[in-house]
Amino acid sequence: VAYLCFYSVQLSNMLAAIIMLIFICFCVHFQNTAGQFFSSGHTNNWAVLVCTSRFWFNYRHVANTLSVYRSVKRLGIPDSHIVLMLADDMACNHRNPKPATVFSHRNMELNVYGDDVEVDYRGYEVTVENFLRVLTGRLPPSTPRSKRLLSDDRSNILIYLTGHGGNGFLKFQDSEEISNVELADAFEQMWQKRRYNELLFIIDTCQGASMYERFYSPNIMALASSQVGEDSLSHQPDLAIGVHLMDRYTFYLLEFLEDIHPASKSNMNDLFKVCPKSQCVSTPGHRTDLFLRDPGSVLITDFFGSVRKVEITMEAIHLTDPILQLEDGEEVQEKTYSYVDQLPVSEIIHQKPKQKDWHPPDGFILGLWTLILLVFFKTYGIKHLKHIF
Amino acid sequence: TLVARSLLANDFQEELVIRPLHSGDIYASFQFRTLWETDFMRENKVSHYRLFPKSLGQVISKFSVRELHISFTQGYWRTMQWGQPFLPSPPGAELWVWFQDSVTDVDAAWKELTNVLSGIFCASLNFIDSTNTVQPSASFKPLGIVNETDHRFLRYATLPREIVCTENLTPWKKLLPCGSKAGLAVLLKSEKLFHSSFFSQTVHIRPVCQDRECKTTSWELRQTLNVVFDLHTSGQGKREWSLFKMFSRTLTEACPLASSSKIYIDVTDNPQEEYFELSPATPLLSQAVVLGDRRTFSVYDLTQQLFKSVSDLLPAGSMLRPLLHAERYVAGYGLQTGEIHTVMYNNHPFRSFPVLLLDSVPWYLRLYIHTLTVTSKGKDNTPSYIHYQPSKDRMRPHLLEMLVQLPPHSVTEVTVQFERALLKWTEYTPDPNHGFYVGSSVISALVPSSVAMDTNITQEQPLFSSFFPCKEESSYFVRVYTEPLLVNLPTPDFSMPYNVICLTCTVVAVGYGSLYNLLTRSFQIEEPNPRLAKKIANFIRRIRGVPLLS
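Each chain carries its own residue numbering, running from 1 in the direction its sequence is written. Throughout, the order in which chains and ligands are written sets their labels, letters from A for the former and numbers from 1 for the latter. Side-chain atom pairs in this predicted model are given and counted only at pLDDT of 80 or more, local residue features only at pLDDT of at least 70, and totals for whole chains, interfaces and linings cover all residues. Only hydrogens and water are set aside when side-chain values are computed; all heavy atoms of the structure are taken into account.

1. Let's talk about the overall build of chain A
Only DSSP runs of H or I covering at least 4 residues are called helices, and only runs of E covering at least 2 are called strands; the numbering of each starts at the N terminus. Along chain A, the regular secondary structure elements total 11 helices and 10 strands. Categorising residues by exposure relies on relative accessible area from a 1.4 Å probe, with only protein chains included: less than 20% of the type maximum marks a residue as buried, more than 50% marks it as exposed, and the intermediate range marks it as partly exposed. A buried classification covers 46% of the 389 residues belonging to chain A. Two residues qualify as a contact provided that any one of their heavy atoms is within 4.5 Å of a heavy atom in the partner residue. Counting contacts in chain A only where the partners sit at least 6 residues apart, residues at least 24 apart contribute 72% of the total. Where accessible areas are quoted, they stem from the Shrake-Rupley method and a 1.4 Å probe; at the residue level, only the protein chains shown are allowed to cover. Of the roughly 21,700 Å² of accessible surface on chain A, a fraction of 60% belongs to carbon and sulfur atoms.

2. Considerations on the UniProt feature "active site" (unreviewed entry) in chain A
All names here are of chain A. UniProt positions are given in the numbering used here, feature names are shortened, and annotations may be inferred rather than shown by experiment. Residues annotated by UniProt as "active site" (unreviewed entry) correspond here to H164 and C206. Across 43 residues of sequence, these annotated residues stay compact in space, with a maximum C-alpha separation of 6.5 Å. Along the chain, H164 falls in strand β5 (residues 164-166). Judged by relative accessible area, which is 26%, H164 ranks as partly exposed. Excluding residues that lie within four positions of it along the chain, H164 makes contacts with T52, S53, N58, R60, H61, L170, K171 and T205. For the purposes of these results, a polar contact is taken to be a pair of N or O atoms within 3.5 Å, where, inside protein, one atom must be able to donate a hydrogen and its partner to accept one; residues adjacent in sequence count only when each atom of the pair is a side-chain atom. Of note is the side chain of H164, whose polar atom sits 2.8 Å from the side chain of N58. Mapped onto the secondary structure, C206 falls in the loop between β8 (198-204) and β9 (220-224).

3. Remarks on the state of the cysteines
By disulfide we mean two sulfur atoms from cysteines, separated by a distance within 2.5 Å. Evaluation of the coordinates by the stated rule reveals 4 disulfides over all chains. Paired through a disulfide, C209 of chain B and C214 of chain B show a sulfur-sulfur distance of 1.8 Å. Here the S-S torsion is close to -65 degrees, and the disulfide linking C209 of chain B with C214 of chain B is therefore left-handed. In this model C51 of chain A remains outside any disulfide bridge; the closest cysteine sulfur is found in C206 of chain A, 14 Å from its own. Not engaged in a disulfide, the cysteine C122 of chain B finds its nearest cysteine sulfur in C165 of chain B; these two sulfurs lie 11 Å apart. The class for C122 of chain B is buried, based on a relative accessible area of 5%.

4. Description of the interface of chain A and chain B
Interfaces are often sized by the accessible area lost when the parts come together. Of the residues lining the interface, 49 residues belong to chain A; the matching set on chain B comes to 65 residues. We define buried area as the total accessible area lost by two parts upon association, computed with a 1.4 Å probe and summed across both. On the chain A side of the interface with chain B, the three residues burying the most area are R122, Y339 and Q342 of chain A, jointly 18% of the side's total. Between E118 of chain A and K174 of chain B there is a salt bridge whose closest N-O contact spans 3.2 Å. Our count for the chain A to chain B interface comes out at 19 residue pairs in polar contact (both at pLDDT 80 or more). Per element, the largest residue contribution to the side of chain A that touches chain B is 4 residues, and it comes from helix α9 (residues 345-349) of chain A. Counted by class, the side of chain A that touches chain B contains 21 nonpolar, 13 polar and 15 charged residues. Any Lys or Arg side-chain nitrogen located within 4 Å of an Asp or Glu carboxyl oxygen qualifies as a salt bridge. Each residue gets one label: Ala, Val, Leu, Ile, Met, Phe, Trp, Tyr, Cys and Pro are nonpolar, Asp, Glu, Lys and Arg are charged, and the others, such as Gly, are polar.

5. Considerations on the confidence of the model for chain A
pLDDT is a residue-level measure of predictor confidence that goes from 0 to 100. When pLDDT is averaged across chain A, the result is 86; 86% of the residues are at 70 or more. Contacts for the low-pLDDT stretch residues 33-37 of chain A, under 50 throughout, to residues beyond four places or in other chains number 1 contact.

6. What about the side chain of K147 of chain A?
Relative to the elements of secondary structure, K147 of chain A occurs in the loop between α3 (128-136) and β4 (155-162). Look past the residues within four positions of K147 of chain A in its chain and what remains in contact with it is D120, Y121, E125, V134 and L139 of chain A together with S118, A123 and N126 of chain B.

7. Looking at the confidence of the model for chain B
All names here are of chain B. Across chain B, the average pLDDT comes to 86, with 90% of residues at 70 or higher. The secondary-structure element of chain B with the lowest mean pLDDT is helix α1 (residues 5-8), recorded at 48, while strand β4 (residues 92-99) shows the highest, at 96. Taken over the whole predicted complex, pTM reads 0.85, whereas the ipTM for its chain interfaces reads 0.86.

8. Section: unusual backbone geometry
Residues and elements named next belong to chain B. Although it is not a glycine, F140 adopts a positive phi angle of roughly 60 degrees. Considering the arrangement of structural elements, one finds F140 in the loop between β5 (133-134) and β6 (154-159). The exposure class of F140 is buried, given its relative accessible area of 1%. With a phi close to 50 degrees, H409 is a non-glycine residue in the positive phi region. The topology assignment puts H409 in the loop between β20 (398-406) and β21 (410-420).

9. Overview of the pairing of β6 of chain B
All names here are of chain B. The element β6 is largely enclosed, with a buried count of 6 among its 6 residues. A two-sided burial pattern is seen for β6, the buried positions comprising L154, Y156 and T158 on one face and R155, A157 and L159 on the other. Here the rule is simple: two strands pair whenever DSSP picks up at least two bridges between them. As paired strands, β4 and β6 are joined by 6 bridges and run antiparallel to one another. What sits directly across from V97, in β6, is R155. For β5 and β6, the ladder comprises 2 bridges, and the chain directions are antiparallel. Paired with V134 across the strands is Y156, a residue of β6.

10. A closer look at the packing of aromatic side chains
Ring pairs shown here join Phe, Tyr and Trp side chains whose ring centres sit within 6.5 Å, with only the six-membered ring taken for Trp; geometry is labelled stacked below 30 degrees between planes, edge-to-face above 60, and tilted in between. Taken as a whole, this structure holds 38 aromatic pairs over all chains when the rule is applied. For the ring pair F291 of chain A and F303 of chain A, a centre distance of 6.5 Å and an interplane angle of 55 degrees mean the geometry is tilted. Of this pair, F291 of chain A sits in the loop between β10 (285-287) and α8 (301-304) while F303 of chain A sits in helix α8, and the two are 12 residues apart along the sequence. Of the two residues, F291 of chain A and F303 of chain A, both sit in the buried class. Ring plane angle 65 degrees and centroid distance 6.2 Å describe the contact between Y428 of chain B and F436 of chain B, whose orientation is recorded as edge-to-face. The same class applies to Y428 of chain B as to F436 of chain B, namely buried.

11. Some words on helix α5 (residues 248-258) of chain A
In terms of burial, α5 of chain A is largely enclosed, as 8 of its 11 residues are buried. Of the positions making up α5 of chain A, those classed as buried are Y249, T250, F251, Y252, L253, L254, F256 and L257 of chain A.

12. Quick word on the nonpolar core
Residues belong to one nonpolar core when they are buried, are Ala, Val, Leu, Ile, Met, Phe, Trp, Tyr or Cys, and are joined through side-chain atoms within 4.5 Å. Core analysis: the largest hydrophobic core is formed by 152 residues, its most contacted members being L66, L200, L271 and F304 of chain A together with F99 of chain B. Aside from chain neighbours lying at most four places away, what touches L271 of chain A is L200, L223, L253, F256, I300 and F304 of chain A. Grouped together as the second largest cluster of nonpolar side chains are 55 residues, M344, V404, V438 and Y476 of chain B included.

13. Quick word on the sheet that holds strand β19 (residues 385-389) of chain B
Within a sheet, adjacent strands bond to each other through the backbone by hydrogen bonds, running parallel or antiparallel. Residue and element names in this part refer to chain B. Taken in spatial order, the 5 strands of this open sheet run β19-β20-β16-β23-β24, and their pairing is antiparallel. Strands with a single pairing partner mark the edges of an open sheet, and in this sheet they are β19 and β24 (475-481). Averaged over all adjacent pairs, the angle separating strand axes in this sheet is 15 degrees, with direction ignored. As paired strands, strand β16 (residues 353-361) and strand β23 (residues 442-448) are joined by 4 bridges and run antiparallel to one another. Looking at the pairing, L356 lines up with S444 of β23. Lines fitted to C-alpha atoms define the axes here, with helix axes fitted over just the stretch in contact, and angles between the N-to-C directions of these axes take values from 0 to 180 degrees.

14. Structural notes on the UniProt feature "transmembrane region" (unreviewed entry) in chain A
Those places that UniProt annotates as "transmembrane region" (unreviewed entry) correspond, in this numbering, to residues 6-30 and 363-382 of chain A. Taken end to end, residues 363-382 of chain A is 90% helix and 0% strand, and its first and last C-alpha atoms sit 25 Å apart.

15. As for the side chain of N93 of chain A
In this structure, N93 of chain A sits in the loop between β2 (82-86) and β3 (121-122). Residue classification places N93 of chain A among the buried residues on the basis of a relative accessible area of 18%.

The structure is reproduced here in structure tokens:
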């Protein structure tokens, strides 16, 4: 009987232990899903989309950038958080047979320019210096807000570059380049100034993988359309417009992003599979060693969409009473105003020359006078000085 | 009562004028006017905005702006084929501002203002700096109410290279009280607007008289959009137009915030409906004197009737010949010197009138003012007023203002020779072989009018006839812009640094390198490679420690 009792106690102990274990497992599981929900750690999203090519035959680079802009806007990032830089104007270019449109698909199926586009840097403003200043935040004080990247340490930033590039550089507007070392240093500056939480860098140029080789700051994930030694190819020409409309990598990226909606759960591993070698001819590459989270747990909308975490509060907020504007008493105006004469001929003819601001004498004049004085005193001696002063 | 008076004196009007032109084009002019009686310059900032856009109100109060005129234009207005526009504008972007008397540093305020406006309108107005800003001494008198006109507070700049596209139209539309959701702004679809021969959007802010007595002033914001559609490219070749064909949109309702919303169709050439007819027909006709001509308009009031569409056939007839127009071109050959010719035509048969010519030439075209000649009908015509400010390299452009009397029925030509400068290699644009632009000349004139102009300022006047203030009945003020010039500067070959480096390095490597090698290399005799047997024997000998075979 003692044995039986002992065994039963042992059994009940084991049962209790098993129940405890199962309970703990459940807790851990809940914590995991809850942790995953809040694991991204960012509170706002920014996007910097740059097209670096000029001239009509580089239509496809502008179409690339505009299609990423369109996807990013559609998934929720507002214009105030997007810095769009287009180096040339294709939509209203005089060679465009359909003005105010930029198409991405043949037969003019999809107009990525749209009706509500805001380009922040355009034309000659797209330079390496301006791009680096936008990234690092070192802009002149009079720069308007729409041209600034006002990110903080809880921002996820998407950076998309497209244009012509080579092994270790990207060409800006056919006149200057940015090297991969400069770009890596700019990202390090951003990290040290805590200007990003996580950064996704996508580049669609020839030999694009060389641009992310030199990154050394944490929390950067990079994708490129081709490896070193390979060219990125363009997709399809349109016979009416006469140029190639998109690059292959961005074309398939756009097709992939069109299936994403703000609540979708696709993660980065799906993004890495976009445009395999059979479709792209070049081999897209990616780099995730600097990124702290596992790419499988990073949602596409973490970078392409915008965060909308809402906290509901039940507190009451007391508003102050409205401020009533006191009007001045009704003064009777004696003065009558009138418009100015647009072309007062007699006044113009007899105009006095406007008083110019007085400037101190120029260096040349001062030097001349010094020379004259020196010669005078050399010739006539210093004792004449007392006659002058 | 403590109701703020400013809320009551807020008014918004919109109108559209359609004028068929004799060259087969249609000229459509939209005007949106917001009137607000408020004081931006007082101590506590204005914080309650209703119809007036907040972004512009903050710009006015922060930079103490008295008047602001900005225009973005694509295309060139062809005066001889199309007549005079209601509101002229030069190709590219143009900005001129009158500051208040209280501003101490006008240049700093100007620089900040251009940056802020470049953010509001998505345009590269931040390229306006001291190299393309001028301070006219007699042109561009204020169009609104001012106390005195000291030209030290005026700044004028143009960017002839500026492109206009949907990204400029979008923020412009967002300034309207109804946006592009209701009223006439519904018609503004960018794909049709930019497929035109001429497109211009402007913003004008100025203080105006509220009524005839003019005891109080209110701020007026006018947004205008002028488009000229070419029916041969956009239509089907038939001489018939409709609102849907032009804009690919139909009007649904008037803007609920507008006190008046009207469409005026110019039917002057069709008095008895013999050439064309309008459908839907309207009995409302009104007459207005605009640009020295009395025109008849059919009026459609959107606030009263439900509006479907308007179609019309094109008229045939004669057009009032514009009395003043101008051309400008560069003469000469080569990349060193040249001549700028400005030609002004006075088509009035017997009256002469004075014109004020304003020329702003960038510093890299060095003008030789001693070669300036003004000739009319072959004879010298001395201007009664000349103001010339020479340029300073990389700091200031040339400014030339002249008051010239144009004799009746004549052609006046102004010529000046120039020399092209060589820029530093970093100052070239990325596409230097396109050329460099010189902004349009501005010709301001009081042209004698055959019809008496209306000098009374009333609120009932249609907007298109009340833009330029009219002080006398016998003439009207007009501003004509010439074409911008495109000059080629001597452009270096930008691949030369690369070529020089390659050549120099090759010469150094091959030439000097070989010589250095010959002089400093020392020769040593080397054993030929031994055969296999000898190698094995040497190996065994090395193990044994015995000297090797040679």
